[in-house]
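# Per-entry structural report
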Amino acid sequence: MIEKTEFRLFQKEKGAGNLMKNTNENTHKKAWYKKWWVWVVIVIIAAAIASSGDSNSDSSVTEPQSTASSESSAASQPAVTEETALAISAKDLLDAYDNNEVNADNQYKDKLLSVTGVISDIGVVLDQTYICINGGGDFEILSVQCYFADETEISEKVAALSKGETVTITGTCSGQSLNVELKDCIIG
């Protein structure tokens, strides 16, 4: 009899302890800054801010240099022609950036390129007309995005093009953000 009583007391103590433990766990919540997902969101936001800050500072540093060089070259030479542009296919340019962005920047960034590819998109974003070209394969996500500044080029040549056509576009490579970008483009 004594053993059964001791066993029941032991069960009651053990059960009471579990009840107390469960009650404490349910009422105790972590502070918001101790949750793992909060820190993940903070790191993502910090990375986005840091990357956008770097791209703005790079463009502001290189912009005066390119303006000065274009003014001096404009005085000594007529307009830049396709002969001075480096010819490359859209597929090869995209592959170069996909394999090693740093090496591709060293080879192509801030250089005049003449890129040939298949038109995948034509549109306007933030009042800038663009054409996206790629290698012409099915389900290609990345493309070379070519921005046009000349209104005559836009109204006469860009307006006459359609998706699926093969085209050669000449412009200055500004590197890769999501797509590889060409600025101040002309068709042909």
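Counting restarts for each chain, with residues numbered from 1 along the sequence as it is written. Given that the model is predicted, a residue must reach a pLDDT of at least 70 before its local features are reported, and side-chain atom pairs must reach 80 or more before they are shown or counted; all residues, however, enter totals for whole chains, interfaces and linings. For side-chain calculations, the full set of non-hydrogen atoms in the structure is used, while hydrogens and water are omitted.

### Details of the pattern of salt bridges
The salt bridge criterion pairs a side-chain nitrogen of Lys or Arg with a carboxyl oxygen of Asp or Glu, the two atoms within 4 Å. Scanning the model with the defined rule gives 3 salt bridges in all. Close ionic contact of Glu153 with Lys157 constitutes a salt bridge, the shortest N to O distance being 3.9 Å. We call a residue buried when its accessible area falls under 20% of the maximum for its residue type, exposed when it is over 50%, and partly exposed in between, using a 1.4 Å probe and counting protein chains only. Residue classification places Lys157 among the partly exposed residues on the basis of a relative accessible area of 38%. The salt bridge involving Glu181 is made with Lys183; its shortest N-O contact spans 3.5 Å. Accessibility expressed as a relative area gives 30% for Lys183, which makes it partly exposed.

### Comments concerning the confidence of the model for the chain
The predicted coordinates should not be examined in detail at positions where pLDDT is low. In this model, the chain carries an average pLDDT of 76, and 67% of its residues clear a pLDDT of 70 or more. Taken together, the stretch residues 54-82 has pLDDT below 50 and engages in 5 contacts with residues farther than four places along the chain or on a different chain. The quantity known as pLDDT measures the predictor's confidence residue by residue, on a range of 0 to 100. Any two residues whose heavy atoms approach within 4.5 Å are treated as being in contact.

### Here's the deal with the nonpolar core
For soluble globular proteins, nonpolar side chains are generally found buried alongside one another. Put simply, buried Ala, Val, Leu, Ile, Met, Phe, Trp, Tyr and Cys residues joined by side-chain atoms within 4.5 Å make one nonpolar core. In terms of nonpolar packing, the biggest core is built from 25 residues, with Leu93, Val115, Ile131, Ile133, Val144, Phe148 and Ile169 touching the most fellow members. Think of it this way: any DSSP run of H or I at least four residues long counts as a helix, any run of E at least two long counts as a strand, and we number them from the N terminus. Of all the elements in the fold, those that place two or more residues in this core are helix H3 (90-99), helix H4 (101-108), strand S2 (112-125), strand S3 (128-134), strand S4 (144-148), strand S5 (166-176) and strand S6 (180-187). Once you skip the residues sitting within four places of it in the chain, Phe148 turns out to touch Thr129, Tyr130, Ile131, Glu153, Ile154, Val158, Ile169, Cys185, Ile186 and Ile187.

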